[in-house]
Amino acid sequence: MKVTIALAGNPNSGKTTLFNELTGSHQYVGNWPGVTVEKKGGNYKKNKNIEFTDLPGIYSLSPYTLEEVVARDYLLNERPDAIINVVDASNIERNLYLSTQLSELGIPLIIALNMMDVVRKYGDKIDTQKLERLLNCKVVEISALRNENLDKLIEVAVEASKEQGKYEEIKAFSPEVEDYIQIIENTIHGKVDEKSKRWIAIKLFESDSKIDVKLNESEKAEIDRVIEEAEESFDDDGEGIITDERYNFVTGVTSQVVKKGRKGLTTSDKIDRIVTNRFLALPIFAVIIFAIYYISISVVGGGITDWVNDDFFGDIVGGGVQTLLENAGTSEWIVSLVVDGIIGGVGGVLGFLPIIATLFLFIAILEDIGYMARIAFILDKVFRRFGLSGKSFIPILIGTGCSVPGIIGTRTIENDRDRRMTITVASMMPCGAKTDIIAMFAAVFGGAFWFGPIWYFGGIAAVVVSGVILKKTRMFEGDPAPFVMELPEYHTPSAKNVIKATWVRCKDFIVKAGTVILLATVAIWFLQNISVSGEFAAFEEASSQSILSFIGEKIAWIFAPLGFGHWIPTVATILGLIAKEVVVSTFGVLANLGEVEAGSGALSTFVRENFTTASMLGFMFFNQFTIPCFAAVGAIKQEMGSKKWFRFAIGYIMAFSYTSTLMVYQFARVIIDGQPVNAWTFVAMVILAVYLFLMFRPKRKLEDDFVTERAVS
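All of the points below concern the structure found in this document. Since the model is a prediction, treat every value here as computed from it, not as a measurement. (Residues numbered from 1 in each chain as written. Predicted model: local features only at pLDDT ≥ 70, side-chain atom pairs only at ≥ 80, totals over all residues. Heavy atoms only, no water.)

1. Focus on the packing of aromatic side chains
Part 1: Enumeration according to the criterion identifies 25 aromatic pairs in this entry.
Part 2: Ring geometry for phenylalanine 611 versus phenylalanine 619: centroids 5.4 Å apart, planes at 65°, classification edge-to-face. Per residue, the accessibility class of phenylalanine 611 equals that of phenylalanine 619, and both read buried.
Part 3: A cation over a ring is seen here: arginine 374 above tyrosine 490, with NZ or CZ 4.0 Å from the ring centre. (Phe/Tyr/Trp six-rings, centres within 6.5 Å; stacked < 30°, edge-to-face > 60°. Buried < 20%, exposed > 50% of the residue type's maximum accessible area, 1.4 Å probe, protein only. Lys NZ or Arg CZ within 6 Å of the ring centre and 35° of its normal.)

2. Things to note about a positive patch on the surface
Part 1: There is a patch of like positive charges on the surface, built from Lys637, Lys643, Lys644 and Arg647.
Part 2: Assignment of secondary structure puts lysine 643 in helix α30 (residues 643-671).
Part 3: Using a relative accessible area of 61% as the deciding quantity, one classes lysine 643 as exposed. (Patch = residues over 30% accessible without salt bridge, like charges linked within 9 Å, V, L, I, M, F, W, Y side chains within 5 Å. Areas by Shrake-Rupley, 256 points an atom, 1.4 Å probe, with all protein chains shown as cover. Salt bridge = Lys/Arg side-chain N within 4 Å of Asp/Glu carboxyl O. Lys, Arg positive; Asp, Glu negative; His and termini not counted. Charge placed at Lys NZ, Arg CZ, Asp CG, Glu CD. Helix = DSSP H or I, 4+ residues; strand = E, 2+ residues; numbered from the N terminus.)

3. Some remarks on the pairing of strand β5 (residues 109-114)
Part 1: In terms of burial, β5 is a largely internal element, six of the six residues being buried.
Part 2: Of the two faces of β5, the one carrying Leu109, Ile111 and Leu113 and the one carrying Ile110, Ala112 and Asn114 are both buried.
Part 3: Bridge count between strand β4 (residues 82-88) and β5: six bridges; the pairing is parallel. For isoleucine 84, the partnering residue across the bridge sits in β5 and is isoleucine 110.
Part 4: On the question of chirality, the crossover connecting β4 to the parallel β5 by way of helix α3 (residues 92-102) is right-handed. (Pairing = 2+ DSSP bridges. Right-handed = clockwise from strand over helix to strand, strands pointing away.)

4. Comments concerning the environment of valine 583
Part 1: Along the chain, the position of valine 583 falls in helix α26 (residues 581-590).
Part 2: On the basis of relative accessibility, which here comes to 0%, the residue valine 583 falls in the buried class.
Part 3: Expressed as a C-alpha distance, the spacing of valine 583 and proline 569, which sit 14 residues apart in the sequence, is 8.2 Å.
Part 4: When sequence neighbours within four positions are dropped, the list of residues in contact with valine 583 reads Ile437, Ala572, Gly576, Phe619 and Asn623. (Contact = heavy atoms within 4.5 Å.)

5. Things to note about the pattern of salt bridges
Part 1: Under the criterion given, the structure shown has 21 salt bridges.
Part 2: The residue arginine 246 makes a salt bridge to glutamate 104 at a minimum N-O spacing of 2.9 Å. Placement of arginine 246 in helix α10 (residues 238-257) and of glutamate 104 in the loop between α3 and β5 is noted, with a sequence separation of 142 residues between them.
Part 3: The class of glutamate 104 is buried, set by a relative accessible area of 2%.
Part 4: The shortest N-O distance in the salt bridge between arginine 146 and aspartate 117 comes to 2.9 Å. Highlighted residues: arginine 146 in the loop between β7 (138-141) and α6 (150-161) and aspartate 117 in helix α4 (residues 116-121), separated in sequence by 29 residues.
Part 5: Classification of aspartate 117 as buried rests on a relative accessible area of 16%.
Part 6: What you see here is one network of salt bridges that share partners, running through Arg72, Lys203, Glu206 and Asp208.

6. Considerations on the sheet that holds strand β3 (residues 47-54)
Part 1: Within the open sheet, the six strands sit side by side as β2-β3-β1-β4-β5-β7. Their pairing is mixed. Because the sheet does not close on itself, it has two edges, and the strands there are β2 (40-44) and β7. With strand direction ignored, the average angle separating the axes of adjacent strands in the sheet is 25°.
Part 2: Both β2 and β3 contribute to a ladder of five bridges, which runs antiparallel. From the neighbouring strand, lysine 40 faces β3, where its bridge partner is aspartate 54.
Part 3: Seen against the sheet, α3 touches β1 (3-9), β4 and β5 and runs at an angle of roughly 165° to β4. (Axes fitted to C-alpha atoms, helices over the stretch in contact; angles between N-to-C directions.)

7. Some points on unusual backbone geometry
Part 1: The phi dihedral of asparagine 136 is positive, around 60°, even though this residue is not glycine.
Part 2: Along the chain, asparagine 136 falls in the loop between α5 (128-135) and β7.
Part 3: Classification of asparagine 136 as partly exposed rests on a relative accessible area of 30%.
Part 4: Its identity is not glycine, yet asparagine 147 carries a phi of approximately 55°, on the positive side.
Part 5: As for its placement among the helices and strands, asparagine 147 is situated in the loop between β7 and α6.

Structure follows, in structure tokens:
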């Protein structure tokens, strides 16, 4: 018999970790809300007849955010056989508020007290048996992170699923409120499903606009009378009455079943006194980012990357395959395609995998110990000054792995203006693919680790500047959405979780190199070896008259003011719209990386000959800020939900990337490269003046919502 079980709980309760342990899935696990923004499904790895649905992390079933709507619609419409409510046992009082609501749905409920290892660590005690009696449901102590007691949890959940309608829901309200709810239940009897009648009655009492029950006029009048009488009696509205009753119940339960063993500040509190200190927080954050990039690029990236690029792909793989093909009598063009095109292009991308993997490893560690959540908290104050909520930085943080989940993660932002603005700027941070470009230039310029932090904080600066400018326009005006987040306890990183998170990200990188990048490098090789007259020529002969060079030279003038008016970086930038890794693979093919002797550093030589420090800055910043890959563009279109908003987002990204890069290059060529001022330098000054005006002009006076929403819709 097939059993469907929903996993529900607050953000940071360990729900997705539990889902991964039960199903063997590799969902993204992070210590911030919004990691799961849609329901995810999977079968129990020990019994395929048991199916789990991982619902978004929510604090309640009130339809205020997209996560709450997704979770609520699933539970009401799909009605799983049981609900496992994952509760953070170290913060049980906050988590049980949702439990009281889940109990009212008429679906068997099991409380999974997660993170019991943390509870034991601090010497706290929870009377599980008493908690079961007070909540009228089974309670199981578990630790999803350490795979403790999960088999028992599933056994209890399956058993509970067989008892549909045989259990009592949590009675969280005082007798007076229960009387009012009972009157509404009697009024809607026969009009709704009996299993969810109590929950609907409570929602009607709260005047929930999403609840639609077909009632006649006398029935509506009776419910209105009950609500009016209750509100007058309690001197509060219906929703406020229910909220107070739930909190009073949860506080009472907690006081009876939880005994705190810890005294004074916890270890997490002591650490947070330093890392979230108003003066030390940002410097510590900066030091950590610099340290990560230093280790990734200078320590790991230096020798290992050189060996992978020059020795492994250049000599061992490239040279070996070339010798093998030539000895087999393979035609010259096939040898060139395989060695110069495929190995040169794909190898150029994979050559920087050690740097990428090290970077992903450190990010996974920071996520697992709970520091990434602190970063969102730290930057909330900074972002709010410039018109963005700290909630906006969560999808931006996620986007440092890949822009697509970062853009999708904006669904956690309930304010439409803030959400659309975050979608517009979310791809400006350096994702894993863009890190490949950073790694290439860092390796070329002697392991310059500071490249990484420059682009990381440059991305933050771009987001902040965009936030200031956009928030002062009619389309995005208004106060940013409030940001409330429960900071998780610090804990020792799990080797299993860290390795899994690193592998998932690296695997995506490798798979893309073996599919999209492979096809792109083959296409690049053919375009580079076929002339505009349709003739095939050797690599060196075709390079100056190929289709690729012809196209590049025709449009290179567009990028000349940005410092890279040569046809090769031009076509690399254009092809990078497919996937940003293609930028590196393009250089790998066109620099003839696969054909050179070990240690000759063809890619390094090529980059050094074609870039100054200023033009390198221009090239890298433009590729970071400009239109992201096709997949991310598709995500922007999907999440905007409007052609006009989509066109605005793409238009803004293009305008910002071009104008900001023009300023970077033009000022850098004068200040760093020591070149004379020219007409473009004055254009850059005018653009800077416009930016300063847009940033520092007074805020608009708020107009009515109709005018605001009409701006682009």
